Amino acid sequence: MPEYKRLPVDSRIVKDIQSSPMMYSEQGSGFMQRWGGPGMYRTMARLPMEARVSYYTIVELQGGEEGRLVTADEIETASGLSSQEVSRGVDLLRKEGLVT
Amino acid sequence: MAVSDPDSISVGSVAVFRNLREDGDQLFFIRYDVSYAVEPSQVASETFQMAIYDTDLIFTGFSRPLNYYQHNIISIYLTADEALTWGTEYRVRIMGNPGIFSPLVEGVNMKTQALSGGDYYEIEAFGGYLIAQAQILEDDWEITLLTAGDLLNTTGSTYFTKAIPGLNTIVPEIFQFTSYSPTYNATNWTTSGEDSMLEHRGPVLNAALEDLANWVGSSSSWMGLFLTVMMASMLGGTAYASLRTPSLALLLASFALPLAVWIGLISITLWMLVFLMVAILFGVLFIQSRFG
């Protein structure tokens, strides 16, 4: 599973690429597959690490099956976060409207 | 303003190049990672910088704010007059702004890299080195910076040029798209001579040309050309009637041109063009009559 604890690139670069049609058209699929797009990356860059890792772990566990229920235990096991971190992270994601 | 320490701070690569734009200039380049799990709202240019210190950790006076957080690149360019001693074990630092981070602690909000002899390169290695750095960033970011042929694409060009201003003039060959400014000699001539010749026309001749031109719905310039052609034709025809030699008739007809220029019927530029054509035609006829 990709490492989501670390942000590899400044979100301001990603924002530039997102707003520039020519630069965006040159991009391969790597960034999109990993982060779900520039806009999502920018959002995640401002959220605490536990929220970001929890979110992408949920996405990975769902495996494209939207609506599949993912438990906190599954998130803990897959992400390596503690139960408290998962709890905080998921609460933040609910506040942001990213998970229900 | 309060900014937390980064989660980690590191230097990935450092290098010094010389003779980029002029003999003796230098560029100190660094690839760093000022890693924040949550990006600060303040931009990196306000909070972190690259700086050069001597072997005694005395600041050399050369620093530059970072453009971005996380994994990225930056450089400091020194002109030949500013250049430091080549090959010296200077210290290159990525460090927090002292006005924001206090104290500055090595490994927490500051990272110092001591240069060695192997970090100094000649200009010939510059392009290849930068492409290698772009490949490292590309792999980590998963953002495409290079074309299939390992040239900086638009995205790569943007961020490498931000880190190294004017890079496209130093190593244009590593860019997918580049532009060149051709050298040229600016002209410094005027048409004052030609204009003064046209003034020889005088008010009477000018009025006559204007009236004739208006009568046929043309301009005085075209009318002047028409009258010149008429004059040349009459001169040439008269000469041919007497001499029965086309080349001599053409030569004599061409004398009408400088006359027309002198009295302001046509511009000297036009005369030069017509004279050139007449000369060529004369030469052809002359050669033909001799050898035909």
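Being a predicted model, the structure only gives us computed values, none of them experimental.

The rules we used
- Residues numbered from 1 in each chain as written.
- Chains lettered and ligands numbered in written order.
- Predicted model: local features only at pLDDT ≥ 70, side-chain atom pairs only at ≥ 80, totals over all residues.
- Heavy atoms only, no water.
- Helix = DSSP H or I, 4+ residues; strand = E, 2+ residues; numbered from the N terminus.
- Buried < 20%, exposed > 50% of the residue type's maximum accessible area, 1.4 Å probe, protein only.
- Contact = heavy atoms within 4.5 Å.
- Areas by Shrake-Rupley, 256 points an atom, 1.4 Å probe, with all protein chains shown as cover.
- Lys, Arg positive; Asp, Glu negative; His and termini not counted.
- Charge placed at Lys NZ, Arg CZ, Asp CG, Glu CD.
- 1 Å grid on protein atoms, 1.4 Å probe; cavity = no way out; pocket = protein on both sides within 12 Å on 5 of 7 lines; lining within 4 Å.
- Points joined across faces, edges and corners; volume = space filled by probe spheres on them.
- Axes fitted to C-alpha atoms, helices over the stretch in contact; angles between N-to-C directions.
- Parallel < 35°, antiparallel > 145°, perpendicular 65-115°, else oblique.
- Left-handed = near helix turned anticlockwise from the far one by under 90°.
- pLDDT = per-residue confidence, 0-100.
- Pairing = 2+ DSSP bridges.

**Student:** So, the overall build of chain B: which residues are in play, and what are the values?
**Tutor:** Along chain B, the regular secondary structure elements total ten helices and eight strands. With the principal axes as the frame, chain B shows a C-alpha extent of 105 × 50 × 40 Å. Residues counted as buried form 41% of the 292 residues belonging to chain B. Look at the contacts in chain B between residues 6 or more apart in sequence, and 63% of them connect residues 24 or more apart. About 15300 Å² of surface is accessible on chain B, with carbon and sulfur atoms providing 60% of the total. Computed over 11 positive and 28 negative side-chain charges, the separation of the two mean positions in chain B equals 9 Å.

**Student:** Please give an account of empty space enclosed by the protein that cites residues and values.
**Tutor:** Following the criterion strictly, the structure yields one cavity of 30 Å³ or more and no others. The wall of the largest cavity is formed by Val14(A), Ile17(A), Tyr24(A), Gln27(A), Gly28(A), Phe31(A), Met32(A), Pro38(A) and Ile143(B). Mapped onto the lining of the largest cavity, the elements with two or more residues apiece are helix H1 (11-19) and helix H3 (30-35) of chain A.

**Student:** Describe the packing of H1(A) against helix H4 (residues 38-45) of chain A, listing the residues and the values that go with them.
**Tutor:** All names here are of chain A. Remark: H1 packs on H4, axes separated minimally by 9 Å, with the N-to-C direction vectors making an angle of 155°. Viewed along their axes, H1 and H4 adopt a mutual orientation that is roughly antiparallel. Once H1 is placed against H4, the crossing between them reads as left-handed. Facing H1, whose interface residues are Ser11, Val14, Lys15 and Gln18, H4 presents Pro38, Gly39, Tyr41, Arg42 and Ala45.

**Student:** How would you sum up the confidence of the model for chain B? Please name residues and give values.
**Tutor:** Chain-level pLDDT for chain B is 89 on average; 93% of the residues reach the 70-or-more range. Two summary scores accompany this predicted model of the complex, namely pTM at 0.71 and ipTM at 0.91.

**Student:** Account for the sheet that holds strand E3 (residues 48-53) of chain B, naming residues and giving values.
**Tutor:** Residue and element names in this part refer to chain B. What the four strands build is an open sheet, ordered E4-E3-E6-E7; its pairing is antiparallel. Each end of this open sheet is capped by a strand with a single partner; those strands are strand E4 (59-65) and strand E7 (110-114). Recorded for the sheet is a direction-independent mean angle of 20° between the axes of neighbouring strands. Note that E3 and E4 share four bridges and pair antiparallel. Bridge pairing in E4 places Gln49 opposite Pro65.

**Student:** Let's hear about the sheet that holds strand E2 (residues 26-35) of chain B: which residues, and what values?
**Tutor:** Residue and element names in this part refer to chain B. One open sheet holds the four strands; their spatial order is E5-E2-E1-E8, and the pairing between them is mixed. Looking at strand neighbours, the two that pair on one side only are strand E5 (70-78) and strand E8 (120-121), the edges of this open sheet. The sheet contact formed by E2 and E5 spans nine bridges and is antiparallel. Following the sheet pairing, Tyr32 is matched in E5 by Asn72.

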